[in-house]
Every structure is written in structure tokens, then in C-alpha cells.
Amino acid sequence: MDGRYVNGCLTDFHIYIEGGRPTWVWFEELLGVIPPPSQVQKFAVNCSWFQETFGECPKGADEDTVRRYARAYIMMLLGTQLFADKSGNRIHIRWLPYVARLEEMGSYSWGSAALAWLYRCMCRVANRHVVKLAGPLQLLQSWIFWRFPRFRPAGYDTCSWPLESRWSGYNPSVSEKGPRVQMWRLQIDMLQPWHFIWMPYSSLEVLHVVHPEALEPRHTALWRSVMSLIYFAVIEWHQIDRVLPQFGGVHPRPRPALNIDFLMSKDERGGDRWFPSAFQHWHLHWDTRADHVLRFDVVADPGRCTHT
């Protein structure tokens, strides 16, 4: 969770990054092959080509081959799961600088970047002209299941790590779409405050399976930091001061929310650039995140205290 922000440039690696190479030259150096033009749309490669080319690492492969397959797998994971676009079938080459240094992949705050992208996608889909939701939807679904017991599928009671894997076998039927949507809308309308679990991850059953590193102070402090969330040109705001019960706190009278509407129009169009410079002010917020960690008393039942 804690670490460096996920940012940089999109394609002009040889211009902005020390040691960077021209786009497709670097692609071939890192992955050992170039996709045919029919599999490329601007600077995104069809996922089907990645799957066909890197579907299974050969037995007895040498170290260089293993690293190429690892890079391809990570790019597929990032491009189709954490940072998927609405197409769901293309992988952008923005990840080349990251997979070029596999040993440094764990030094970035992937959690905050995925949250920034999810916030932006949810904001966009609120527009009545937008019909598809992008982003890490499996994580969003898991968040819903953990906190709304009434919405959980039956028979998935075993906790495992990562926590989202609890629901990995869930595959809802696509039949009766109309009645099912109506049913869930009715369920949402009938929700009561006590139907929401504010701190589902605090139970001993969950803590027993959580990776110990995730509970280190530098990570848990980040949960309570009011800070910027960064994913390339996407800048969002982590306003946990407005959801304190999720962290065991009681809501005081809320302060006005930070208005970042002007950032909603910022995207990756208009030519490539070095985004940490283009949005320097918000990157400084991230750099000082430790100075903005909220401190508050933790109570046994924050939801009850909040609603009473």
C-alpha cells in the first residue's frame, strides 16, 4: 500500500526516463518479440496476442526467458485487472518502465493507484451517457460483499489471502437480467444502517490470514491519511475524514469536502508528458502523506455511535 506513486509518461520513454528506449525497441528488448501491426491499436496491444504468445512459460526455460514471461504476465495483470479500461481486451505499453525493473515492482503504491482509477471510473459512470464501468471491478465487488452481508452469495464462508479470493469461485447467472436488477434495487432501497459492517477486516478470522506485511505501521497509517491518490493523469482525493467509522472512529460534524471537480477534466489526451511535473502540486501532497494521518479514538461499535 505504501510506496512510490504510480506515474511517469505513457510512450515517450526515451525522452523522459533515464535509460529509457524508443517505445517498440524497448518492447522487443524486454519481451523478446514485437506484436504484428494487426494486434496493435496506437499504443495498446490486444490481450489475446499476449495470451497466445505468453500463455505458458516453457519447461526448463532459462532466466532471461522466465523474466520475459514474468513481464508479460504482470502487464496482463495490470492492464486487465487493476487498471482495465472499458474495452477490457487491450494492454497499454505504459507499463514498460515498470517491468523493465522487476526488482522494484514492490516499491510502488499499487493500492492507492488502483483506488484512484476506481474513483475516476465510478465518477465517469455516474454520467447518464456512460453505460460501462471500468476499473478493478473484482475488488469493488469484494468490497461490497465484505460490508453488505445481505448481498453476499451463499456458501463462501472461508477467509483466505488475498481477501478478495474468498469470492473467487462466484459466477452469477446472466439469466433473468431484468428481474434481477429490480430485485437488487429493492434490496438497496430497504437497507438499514445495521445492515452495513463498518470494520469487516478487524475480526480474528480475517487477521489470521492477512499477510503480516500488510499490517505494518507504514501501511496501516496510510489508511488514515487524507492525501492525493495518483495514477498517471488521474488525481483523486482520499477523504477518509468523511468515513471514519470504517477505521473505528466516530464521525464529528463533517467539514466541507475538497472540491476537485477541475481535476475531472484532466486526462491523458493532448500529447505525452511527464505527469509528475504537470501535476506537481498533487504529487507533493503524496510526498507529505505521513504528515496528514488522522488520529482519533477507536470505539467498539463505530457505526452505532455514528448513527446515534
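Residues numbered from 1 in each chain as written. Predicted model: local features only at pLDDT ≥ 70, side-chain atom pairs only at ≥ 80, totals over all residues. Heavy atoms only, no water.

**Here's the deal with the overall build of the protein**
Regarding its fold elements, the protein presents 13 helices and five strands. Projecting the C-alpha coordinates of the protein onto the three principal axes gives extents of approximately 60 × 45 × 45 Å. Residue burial in the protein is summarised as follows: out of 308 residues, 38% are buried. The long-range fraction of contacts in the protein, counting pairs at least 24 apart against all pairs at least 6 apart in sequence, stands at 65%. (Helix = DSSP H or I, 4+ residues; strand = E, 2+ residues; numbered from the N terminus. Buried < 20%, exposed > 50% of the residue type's maximum accessible area, 1.4 Å probe, protein only. Contact = heavy atoms within 4.5 Å.)

**Notes on the sheet that holds strand S1 (residues 40-41)**
Judged by pairing direction, the sheet is antiparallel, and its three strands sit side by side in the order S1-S2-S3 without closing on themselves. Every other strand in the sheet has two partners, leaving S1 and strand S3 (90-92) as the edge strands with one partner each. Bridging between S1 and strand S2 (residues 44-46) involves two bridges; their strand directions are antiparallel. When the sheet's bridge partners are listed, Gln-41 is paired in S2 with Ala-44. (Pairing = 2+ DSSP bridges.)

**Here's the deal with the state of the cysteines**
Should the sulfur atoms of two cysteines be covalently bonded, the bond is a disulfide. Counted by the stated rule, this structure contains zero disulfides. There is no disulfide at Cys-47, and the cysteine sulfur nearest it, in Cys-121, is 17 Å away. (Disulfide = S-S within 2.5 Å.)

**Points about the packing of helix H3 (residues 47-54) against helix H4 (residues 63-82)**
Relative orientation of the contacting elements H3 and H4 amounts to 150°, with a least axis distance of 10 Å. Compared by their axis directions, H3 and H4 come out roughly antiparallel. The two elements H3 and H4 meet at a crossing, and its hand is left-handed. The segment H3 lies against H4, with Cys-47, Phe-50, Gln-51, Thr-53 and Phe-54 engaging Arg-68, Tyr-69, Ala-72, Met-75, Met-76 and Thr-80. (Axes fitted to C-alpha atoms, helices over the stretch in contact; angles between N-to-C directions. Parallel < 35°, antiparallel > 145°, perpendicular 65-115°, else oblique. Left-handed = near helix turned anticlockwise from the far one by under 90°.)

**Observations concerning unusual backbone geometry**
Here the residue pair Trp-161 and Pro-162 is connected by a cis peptide bond, since its omega of 0° sits within 30 degrees of zero. With respect to the helices and strands, Pro-162 occurs in the loop between helix H7 (137-147) and helix H8 (177-189). Located in the positive-phi region is Lys-42, a residue other than glycine, with phi close to 60°. Inspection of the secondary structure assignment puts Lys-42 in the loop between S1 and S2. Phi at Phe-232 is positive, roughly 55°, even though this residue is not glycine. Looking at the element boundaries, Phe-232 is found in the loop between strand S4 (227-231) and strand S5 (234-238). The class for Phe-232 is buried, based on a relative accessible area of 0%.

**What to know about the confidence of the model for the protein**
Scored by pLDDT, the protein has a mean of 90; 96% of the residues are at 70 or more. Summarising per-element confidence for the protein, the mean pLDDT is lowest in helix H13 (residues 302-307) (66) and highest in helix H5 (residues 96-99) (97). (pLDDT = per-residue confidence, 0-100.)

**Focus: the nonpolar core**
Residues Val-6, Phe-50, Phe-83, Trp-95, Leu-96, Trp-110 and Tyr-231 are the most contacted members of the largest nonpolar core, which totals 56 residues. Built from parts of two domains, this core gets at least three residues from each of domain 1 (13-108) and domain 2 (109-151 + 160-307). Those residues in contact with Tyr-231 that sit more than four places away from it in its chain are Val-6, Phe-83, Arg-94, Trp-95, Ala-113, Ala-116 and Trp-117. (Core = buried A, V, L, I, M, F, W, Y, C linked by side-chain atoms within 4.5 Å. Domains from an automatic or database assignment.)

**Concerning the pattern of salt bridges**
If the charged atoms of two oppositely charged side chains come close together, the side chains can form a pair. Here the structure, examined in full by the defined rule, presents ten salt bridges. Residues Asp-2 and Arg-218 are paired through a salt bridge, measuring 4.0 Å at the closest nitrogen-oxygen approach. On the criterion of sequence distance, the pair formed by Asp-2 in the segment before helix H1 (13-16) and Arg-218 in helix H10 (residues 217-223) is long-range, its members being 216 residues apart. Of the charged contacts in the structure, one is a salt bridge between Glu-213 and Arg-218, with a shortest N-O distance of 3.8 Å. Overlapping salt bridges, with partners in common, bring together Asp-2, Glu-213, Glu-216, Arg-218 and Arg-289 in one network. (Salt bridge = Lys/Arg side-chain N within 4 Å of Asp/Glu carboxyl O.)

**Some points on H3**
Taken as a whole, H3 has its buried residues at Cys-47, Trp-49, Phe-50 and Phe-54. Down the axis of H3, the buried set is contained in an arc of 160°. They therefore lie on one face. Against helix H2 (23-31), S2, H4 and S3 lie the buried residues of H3. (Arc of directions from axis to C-beta.)

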